[in-house]
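Fold and contact review
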Amino acid sequence: MSRRLLAVVLASASLLTATGTVCLFNLSGANAASLNEQLNIPVNNGTQGELRDEADRLVRLGGQYEQQGSLEKAIASWQQAVKLYQRIGDVSATGLTYDFIGLTYAQLGRIREAEDALRRRLAIARDNRDFRGQIYGLNNVGTVLLRRGAPQAAASSFNEALTIAQNINSLEGQGLSLSNLGLAAVATGNYNQGIKQLESALTYRRQAGDPSGEASTYNNLGDAYRGAQRYQDAANAYGVALRLARTSRDRPNHLRAIDGLVASYRPLGNYTRALEVLDQRLALTQEQSNLRQQLTTLRSLAEIYQASGNRETARNFYQRAIVVARALEDTRSESLLLDQLRRL
């Protein structure tokens, strides 16, 4: 990969973590935990020229679309970039762009397409004996398998990644893989095992000096506690994740921690605190001008106001969410919101 493409990738780093879904424990948030963690990719290609310029431009354009919430346009841009990188023979850039495509398909819930793209990326890493890329790829494929409801297959992928990470003494890779193994255990209802694995992962995260990874694992730990209906422990874990993410300016983990807090406060009946953190979430997503994340936030605000008995304010937020869904041309979300509004 050229140094210029590396700069493009670093400038677009947020697109690897911009999920922030609300219902984290049912594994719509498992991708938020780990689909999003990029290990360092070696700089090993110096190709230049007009095709390179155009491919790099398409990668940047895709990143801009993703940050705006225009995920279909982002994927289309990156698919064009892949074709150009293949023409100039830049294997590393091709693999990294497949990462972007797969992660974004996962955001859209298009799991088959996500798995296909991420397996292509993994194959490239294996062909090039890129061990760090294999750790990352195996974790991403495993997370997609979790989303597909195959926790045993996911655990196998995570264990393979853990073995490679141990062999090359990668603290980051061991922390990531153990964190995901914890999620796989939680997915099978083995909460105690999952909590132990997540606590082990935290040790590696701290040793690696990886505050974003540590925040992600605390978010996972919150998911595990919430699955075990230990809502106060979950809120405490999400609170630590929130502080770490805020300090490191990690927006995706920041949003995810807020979502976890909301999901923990709700069964505790603490609607006041849930609304406070959702107000923070709305401010963050408006600052990013990310309509898709604003849609998620507005819908959550509507649901919490509805649960607290404030029907009029809930109606207002449902209407605002519908406007955003229409701006995104997201007919599925619009239909669901209209149904929720009718049943209010």
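This write-up is about the structure you can find in this document.

Definitions and limits used
Residues numbered from 1 in each chain as written. Predicted model: local features only at pLDDT ≥ 70, side-chain atom pairs only at ≥ 80, totals over all residues. Heavy atoms only, no water. Helix = DSSP H or I, 4+ residues; strand = E, 2+ residues; numbered from the N terminus. Buried < 20%, exposed > 50% of the residue type's maximum accessible area, 1.4 Å probe, protein only. Contact = heavy atoms within 4.5 Å. Areas by Shrake-Rupley, 256 points an atom, 1.4 Å probe, with all protein chains shown as cover. Axes fitted to C-alpha atoms, helices over the stretch in contact; angles between N-to-C directions. Parallel < 35°, antiparallel > 145°, perpendicular 65-115°, else oblique. Left-handed = near helix turned anticlockwise from the far one by under 90°. Nonpolar A, V, L, I, M, F, W, Y, C, P; charged D, E, K, R; others polar. Salt bridge = Lys/Arg side-chain N within 4 Å of Asp/Glu carboxyl O. Phe/Tyr/Trp six-rings, centres within 6.5 Å; stacked < 30°, edge-to-face > 60°. Core = buried A, V, L, I, M, F, W, Y, C linked by side-chain atoms within 4.5 Å. Expected span 1.5 Å × (residues − 1). Arc of directions from axis to C-beta.

Before going further, it helps to spend a moment on the overall build of the protein chain. A count of helical and extended segments in the protein chain gives 18 helices and zero strands. Every one of the 344 residues in the protein chain was classed for burial, and the buried ones make up 55%. Relative to all contacts within the protein chain whose residues are 6 or more apart in sequence, the contacts with residues 24 or more apart total 60%. Surface exposure of the protein chain reaches about 14,400 Å², of which carbon and sulfur atoms provide 45%.

In this section: the packing of helix 11 (residues 191–207) against helix 12 (residues 211–227). Taken N-terminus to C-terminus, the directions of helix 11 and helix 12 make an angle of 165°; their axes are 9 Å apart at the nearest point. Of the possible angle classes, the one that applies to helix 11 and helix 12 is roughly antiparallel. The chirality of how helix 11 crosses helix 12 is left-handed. Contacts between helix 11 and helix 12 involve Tyr191, Ile195, Leu198, Glu199, Ala201, Leu202, Arg205 and Arg206 from the first element and Gly213, Glu214, Ser216, Thr217, Tyr218, Asn220, Leu221, Ala224, Tyr225 and Gly227 from the second. Tallied by class, residues from the contact of helix 11 with helix 12 come to nine nonpolar, five polar and four charged.

The next thing to look at is the pattern of salt bridges. In the structure shown here, the tally under the stated rule is 24 salt bridges. Put simply, Arg52, Asp56 and Asp90 are held in one network by salt bridges that share partners.

Tallied over the full model, the rule gives two aromatic pairs. Relative to Phe100, the ring of Trp78 has its centre 5.4 Å away and its plane inclined at 50°; by these criteria the two rings are tilted. Remark: Phe100 occurs in helix 6 (residues 91–107) and Trp78 occurs in helix 5 (residues 71–88); sequence separation between them is 22 residues. There is no split in this pair, since Trp78 and Phe100 are both buried. Ring centres 5.6 Å apart and planes at 5° place the aromatic pair Tyr305 and Phe317 in the stacked group. Taken together, the residues Tyr305 in helix 16 (residues 291–307) and Phe317 in helix 17 (residues 311–327) connect sequence positions 12 residues apart. Each member of the pair, Tyr305 together with Phe317, is buried.

Here we take up the nonpolar core. Counting 46 residues, the largest nonpolar core has Tyr218, Leu221, Leu261, Val262, Leu295, Leu301 and Leu337 as the members making the most contacts within it. For this core, the secondary-structure elements that each account for two or more residues are helix 11, helix 12, helix 13 (231–247), helix 14 (251–268), helix 15 (271–288), helix 16, helix 17 and helix 18 (331–343). The greatest single-element share of this core, amounting to eight residues, is contributed by helix 13. Those residues in contact with Leu221 that sit more than four places away from it in its chain are Ile195, Leu198, Leu202 and Ala237. Ala81, Ile111, Ala154 and Phe158 belong to the second-largest nonpolar core, a separate cluster that totals 41 residues.

How two helices pack is summed up by the angle between their axes together with the distance between the axes. Helix 8 (residues 131–147) packs onto helix 6 with a crossing angle of 20° between their chain directions and a minimal axis gap of 11 Å. The orientation of helix 6 with respect to helix 8, classified from their angle, is roughly parallel. The interaxial crossing formed by helix 6 with helix 8 has left-handed handedness. On helix 8, the residues touching Asp99, Leu103 and Ala106 of helix 6 are Tyr136, Asn140 and Arg147. When the residues that make up the contact of helix 6 with helix 8 are grouped by side-chain class, the tally is three nonpolar, one polar and two charged.

At 3.6 residues per turn, the α-helix brings residues three or four places apart onto the same side. Spanning 17 residues, helix 11 covers 25 Å between terminal C-alpha atoms, matching the ideal 24 Å at 1.5 Å per step. Those residues of helix 11 that fall on the buried side of the exposure criterion are Gly194, Ile195, Gln197, Leu198, Ala201, Leu202 and Arg205. The buried side chains of helix 11 occupy one side of the element, clustering within an arc of 165° when seen end-on. Projecting away from the buried face of helix 11 at angles above 90 degrees are the exposed residues Asn192, Lys196 and Gln207.

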